[in-house]
Each structure stands twice: as C-alpha cells, then as structure tokens.
Amino acid sequence: MAQPALTELSSILDFIRWGASQFRAAELSFSHGMASALDEAAYLVLHSLHLPVDTPELYFSSKLTQAEKIKVMDTLERRIIERKPAAYLTNEAWFAGLPFYVDERVLVPRSPIAELVEKQFYPWTDESQVAHILDLCTGSGCIGIACAYAFPHAEIDLSDVSADALAVAKLNIARHGVQAHVQALESDLFTHLSSKRYDLIVSNPPYVDAAEIAEMSIEFQHEPLIGLAAGTDGLDIAHRILASAREHLSEHGILIVEVGNSQFALTEAYPEVPFQWLEFERGGDGIFLLTATQLDEHAAAFKAAAAKLL
C-alpha cells in the first residue's frame, strides 16, 4: 500500500478521509457493526487518539503530533493488510449503547436484538414478571449483560458451549460490574442447565448455511467458525433450540431467536408454526418470537426435526 508522507496529512479529518479512501480502494468488507468505509475510518482514527466515538466534529480540524500520526497510520494500515474487523483491532465493540471487550474468540456484536433489549422487549414482556433470563449461545455476553441493565432485578445466565467465548464473557461481566446477578455457564445449549426455567430466553446462535460460509469475506474468516456455521441450511442449532426450549421456559415465558438469512429455510421447515418475525426501526430481520404456549402446540414437529440431526 502506497503511504503518503505523514507531512501531507495533518488533521483528524485528513486521516479519516484518507483512511476511508484507502478502505474503499482495498474493497474491505464492512459487515461488523460499521455502515461504511467512512464510519470505520472515523472510528479507528478516534480510537487511536483515545477520543470517544461521539467526539464533536469541531475537533476534527485539530492537528496531530508526529507520534499520533504514526499511531493512527499504523492502525489504518493494519485494517487493510490484516483485513480484521475494526473491533478486533481495538478490542472493543458496542452493543445497545454499551462497550464490550472482544477478540477473535467471539463474534463481533452486531445483532438487531440490541433494539429489543433497549425497549425491555416491550410489548412482549412485563419487567415486573421477568425474574430469570437466559442468553443462550452468549459469545461475548453482550446480549445478557445488556439485559442486566434493562432488567436490574433479574437473574441472568450467559450460556455457551465454547470455553473460550465464556472467558471473554466473564471479562465483560467484570467490566460492567454485574457479577451479583449475572453468571456464565458452559453448556451445549440446554444440556447442563438442569431444570431451571426462564421468563425470557434470547439467543443469537450460529445460523450461517454452508453456501454462505464458503463465500465469506476475509473479515468473517477472522471470527470463530463455531459461532457461525450451522449445517447445510443454517438450522442445525435452531432445530435443537426449538425442540428443548419449552422445558426451560416459565408458563408465561417467551423465546426469541435470531436466524438471519436462514429465516426462509425455517419457515419452510415448519410451515404450520406461526413464527412472529420481529421488525426493527434501525434495520435488521431474521429474528422470531414464540411463546411457551406456541412451543407446546408444535412440540411434536420440533422434536421430530431435532431427532433427524442425531
């Protein structure tokens, strides 16, 4: 990559503009929480300067010192050369307005479920009736920990089959100081969760089908495959969740699961099930809701589909 003389760039805005231009020229992928090359360049420049992401634009004309220029340039070059998502370069990602530590042991948080958490899952839940929450396939712990802010009186379990992911989740539990009512549990879905029941089970499990896995950009290849791949049609994990979730829900409980582009395969697999596909003001789709009653009504179909995976 041709590097300009550092004397040619002087202000924060100069480096943001240059970084965005280079990102576009390198045809980087922006699917990990950033909407564009310009957004990602701004984020990386500000982070390198230890400035908050909401730094007012009036500071963008500020001149950088030589040491600052070198540090910013190094970060921008790493993004192009290594093609890692920005969150892995900064070890930070934002979810529901909260910062989380991330590294390549977990997926970069980017789920539309954040919007549901911010609204306390209204109108499908009543805060006074939500005493126990399960964040299934938790990864970094972002969904469950965000729920700890939205439901400060609830007990929350973060569950994952990956010990590496749980190590990151525990770092985030400590970072947010929610140890009193949030715990991390190693479990292959519901296998080691005993008979505990939850008022809300929310999950962003692996759901990428084989065709999509084969076509992933380099950025996605830095993420743990265990957090993405879910068989030929992307439903291997979803089938298992649907088959067992009712045994861990309270009578008034709800199940919310993200399946992304596998939404269409799921509706074809269960044409008789009234999945409620949620809508989002900030964009996003492929997230369904089912009540405990609906899980009861279609239990036979869910069990049969899961049995075929064995």
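This report concerns the structure included in the present document. This structure is a prediction, so every number in the text was calculated from the model and none was measured.

## Looking at the nonpolar core
So, step 1. Of all hydrophobic cores here, the largest spans 35 residues; its most connected members are Phe121, Ile133, Cys147, Phe151, Ile156 and Ile256.
So, step 2. No other element matches helix 6 (residues 142–150), which puts seven residues into this core.
So, step 3. With residues up to four places along the chain from it excluded, the contact list for Phe151 reads Gln120, Phe121, Thr125, Glu127, Val130, Ile133 and His181.
So, step 4. Residues Cys137, Tyr270, Phe288 and Ala292 belong to the second largest nonpolar core, which totals 29 residues.

## A short note on the pairing of strand 9 (residues 287–291)
So, step 1. Extensive coverage of strand 9 is indicated by the burial of four of its five residues.
So, step 2. Inspection of the sheet shows strand 7 (residues 249–258) paired to strand 9 by five bridges, in the antiparallel sense. Counted as the bridge partner of Ile256 is Leu289 from strand 9.
So, step 3. Two elements, strand 8 (residues 276–277) and strand 9, share two bridges in a ladder whose sense is antiparallel. Residue pairing in the sheet places Trp277 in a bridge with Phe288 of strand 9.

## As for unusual backbone geometry
So, step 1. The amide bond that connects Tyr122 to the next residue, Pro123, takes the cis arrangement and shows omega of 10°.
So, step 2. Within the fold, Pro123 resides in the loop between helix 5 (113–118) and strand 3 (132–136).
So, step 3. The phi dihedral of Glu27 falls on the positive side, at around 55°, and the residue is not glycine.
So, step 4. Take Glu27: it is sitting in the loop between helix 1 (12–25) and helix 2 (37–48).
So, step 5. A positive phi angle is found at His50, which is not glycine, with a value near 60°.
So, step 6. Its place among the elements puts His50 in the loop between helix 2 and helix 3 (66–82).

## A few points about the environment of Ser162
So, step 1. Along the chain, Ser162 falls in the loop between strand 4 (155–160) and helix 7 (163–176).
So, step 2. In this structure the C-alpha to C-alpha distance between Ser162 and Gly139, which are 23 residues apart in sequence, comes to 8.0 Å.
So, step 3. Of note is the side chain of Ser162, whose polar atom sits 3.3 Å from the backbone nitrogen of Asp164.

## So, the sheet that holds strand 6 (residues 198–203)
So, step 1. Taken together, seven strands build an open sheet; the order of strands is 5-4-3-6-7-9-8 and the sheet is mixed. Sheet topology places strand 5 (182–186) and strand 8 at the edges, where each strand pairs with a single neighbour.
So, step 2. Packing of helix 7 onto the sheet brings it into contact with strand 4 and strand 5, and relative to strand 5 it is tilted by some 170°.

## Some thoughts on helix 6
So, step 1. When you tally the buried positions in helix 6, you get eight out of nine residues, the bulk of the element.
So, step 2. Residues of helix 6 that are buried: Cys142, Ile143, Gly144, Ile145, Ala146, Cys147, Ala148 and Ala150.

## Structural notes on the environment of Asn261
So, step 1. Mapping Asn261 onto the fold places it in the loop between strand 7 and helix 11 (263–269).
So, step 2. A C-alpha to C-alpha distance of 27 Å links Asn261 and Ala163, two positions 98 residues apart in sequence.
So, step 3. Each residue touching Asn261, except ones within four places of it in the same chain, is listed here: Tyr207 and Glu212.

Rules and cut-offs
- Numbers given to residues run from 1 along each chain, matching the order in which its sequence is written.
- Totals for whole chains, interfaces and linings use every residue, but because this is a predicted model, local features are given only for residues with pLDDT of at least 70 and side-chain atom pairs only at 80 or more, for both listing and counting.
- For the side-chain quantities, the full set of heavy atoms in the structure was used; hydrogens and water were omitted.
- For our purposes a nonpolar core is just a set of buried Ala, Val, Leu, Ile, Met, Phe, Trp, Tyr and Cys residues, chained together by side-chain atoms within 4.5 Å.
- Note on classification: 1.4 Å probe, protein chains only; a residue is buried when its accessible area is under 20% of the maximum for its type, exposed when over 50%, partly exposed between these limits.
- Numbered from the N terminus, helices here are DSSP runs of H or I no shorter than four residues, and strands are runs of E no shorter than two.
- It only takes one pair of heavy atoms within 4.5 Å for two residues to be counted as in contact.
- At least two bridges found by DSSP between two strands is the condition for calling them paired.
- For this analysis, a polar contact is any N or O atom pair within 3.5 Å, provided that within protein one partner can donate a hydrogen and the other can accept it, and provided that sequence-adjacent residues contribute only side-chain to side-chain pairs.
- To get an axis, fit a line to the C-alpha atoms, keeping to the stretch in contact for a helix; angles then go from 0 to 180 degrees between the N-to-C directions.

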